[in-house]
Amino acid sequence: MYKKLSNYLYLSLLLFILGVIVSCVIKPHGLVANCGVSYFGIYAVTLVPYFVSLIGPAILFILAARLLGNKNELLKNFFWAFAILLIGLGITPYSINSFVSALHTTLGSILFASQLLLSGIIAIEYKHHRSLTYLWIIEFIAGVMCALYVTPQKGYLLEYQVAFEIAFSTILILYSKLLQD
């Protein structure tokens, strides 16, 4: 079961990165627009890779939650929350109006905070695995940088979001491998 969980987590990260890379190739201005991954959700030309980067992982988190069943309630509940938040982000383009923009930003903030919380719990639980601690520190720093770049007109929100998600996903993948042992 945990081997299959690892596969879901690898695929989730792959879809996220693939969607972001394809979006950047199509609309390279997203790298400097300081709107993060969400920049790609407001253009028809990047909607497919945008949905691949958000809805793809959401589906995989649902599959992972169902796979876990009652074996790890904490992880299962976080996976369901991640899926709901990712779908919410995908269907609330920030450019519609100020209410939807605020909702989108709130959903993203809750997603990042909950991801940071889960990976922090894992890093504390397995503190003897220093790689988990180091990855959590990277994730935390990237999260702080994301928070700093949410409102300015220029910045590197996308780049820090990607760094955050890579660190977070790597923690989950390592954790799933530890659960296999």
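Each remark here, short or long, concerns the structure printed above.
Below or above, wherever it landed, is the structure these notes cover. Just so you know, these numbers come straight off a predicted model, no measurement behind them.

1. What about the overall build of the protein chain?
Here comes step 1: For the protein chain, the helix and strand inventory stands at 6 helices and 0 strands.
Here comes step 2: When the helices and strands of the protein chain are placed in sequence order, the string is α-α-α-α-α-α.
Here comes step 3: Taking 16 Å as the expected radius of gyration for a compact globule of 181 residues, we find that the protein chain reaches 16 Å, a close match to that expectation.
Here comes step 4: Expressed as lengths along the three principal axes of its C-alpha atoms, the size of the protein chain is roughly 45 × 30 × 30 Å.

2. A closer look at helix α4 (residues 98–125)
Here comes step 1: When the terminal C-alpha atoms of α4 are compared, their 40 Å separation across 28 residues agrees well with the 40 Å that a helix rising 1.5 Å per residue should span.
Here comes step 2: In this structure N97 caps α4, since a side-chain oxygen of it lies 3.0 Å from the backbone nitrogen of F99.

3. Examining the layout of surface pockets
Here comes step 1: Approximately 830 Å³ is the volume attributed to the largest pocket.
Here comes step 2: Together, 41 residues line the largest pocket, and S38, G108, F112, L157 and Q161 are the ones closest to its centre.
Here comes step 3: Put simply, the parts of the chain that give the lining of the largest pocket at least two residues each are α1 (2–26), α2 (47–68), α3 (73–90), α4, α5 (130–148) and α6 (157–180).
Here comes step 4: Among the elements that make up the lining of the largest pocket, the one with the highest residue count is α4 (10 residues).

4. What about the nonpolar core?
Here comes step 1: The biggest cluster of nonpolar side chains holds 45 residues, and the ones touching the most others in it are L5, F61, L75, F79, F82, I122 and L172.
Here comes step 2: Of all elements in the fold, only α1, α2, α3, α4, α5 and α6 reach the threshold of two or more residues within this core.
Here comes step 3: Sort the elements by how many residues they give to this core and α6 lands first, with 10 residues.
Here comes step 4: Beyond its immediate stretch of four places on either side in the chain, L172 contacts L9, F61, L75, F79, L118 and I122.
Here comes step 5: F112, L116, A142 and F164 belong to the second largest nonpolar core, which has 7 residues in total.

5. Comments concerning the packing of α1 against α2
Here comes step 1: Two numbers describe how α1 lies on α2: the axes approach to 7 Å, and their chain directions differ by 170°. The angle between α1 and α2 places the two elements in the roughly antiparallel class.
Here comes step 2: Looking at the contact of α1 with α2 residue by residue, the class counts come to 20 nonpolar, 5 polar and 1 charged.

6. Things to note about the packing of α3 against α6
For any two helices packed against each other, one specifies the crossing angle of their axes together with the interaxial distance.
Here comes step 1: Interaxial distance between α3 and α6 falls to 14 Å at its minimum, and their mutual angle equals 150°. One way to sum up the angle between α3 and α6 is to call them roughly antiparallel. Between α3 and α6 lies a crossing of left-handed hand. Side by side, α3 and α6 meet where L75, F79 and F82 of the first sit next to F168, L172, Y175 and L179 of the second.
Here comes step 2: Each residue belonging to the contact of α3 with α6 can be placed in one class, and the counts come to 7 nonpolar, no polar and no charged.

7. What to know about the side chain of Q115
Here comes step 1: Looking at the secondary structure, you find Q115 in helix α4.
Here comes step 2: Among the polar contacts listed, one links the side chain of Q115 to the side chain of E165, at a separation of 3.3 Å.
Here comes step 3: With residues near it in sequence (within four places) discarded, Q115 still touches F82, E139, F164, E165 and F168.

Rules used in this analysis
Residues numbered from 1 in each chain as written. Predicted model: local features only at pLDDT ≥ 70, side-chain atom pairs only at ≥ 80, totals over all residues. Heavy atoms only, no water. Helix = DSSP H or I, 4+ residues; strand = E, 2+ residues; numbered from the N terminus. Rg over C-alpha atoms; globule rule 2.2 N^0.38 Å. Expected span 1.5 Å × (residues − 1). Polar contact = N/O pair within 3.5 Å; in protein donor to acceptor, adjacent residues only side chain to side chain. 1 Å grid on protein atoms, 1.4 Å probe; cavity = no way out; pocket = protein on both sides within 12 Å on 5 of 7 lines; lining within 4 Å. Points joined across faces, edges and corners; volume = space filled by probe spheres on them. Core = buried A, V, L, I, M, F, W, Y, C linked by side-chain atoms within 4.5 Å. Buried < 20%, exposed > 50% of the residue type's maximum accessible area, 1.4 Å probe, protein only. Contact = heavy atoms within 4.5 Å. Axes fitted to C-alpha atoms, helices over the stretch in contact; angles between N-to-C directions. Parallel < 35°, antiparallel > 145°, perpendicular 65-115°, else oblique. Nonpolar A, V, L, I, M, F, W, Y, C, P; charged D, E, K, R; others polar. Left-handed = near helix turned anticlockwise from the far one by under 90°.

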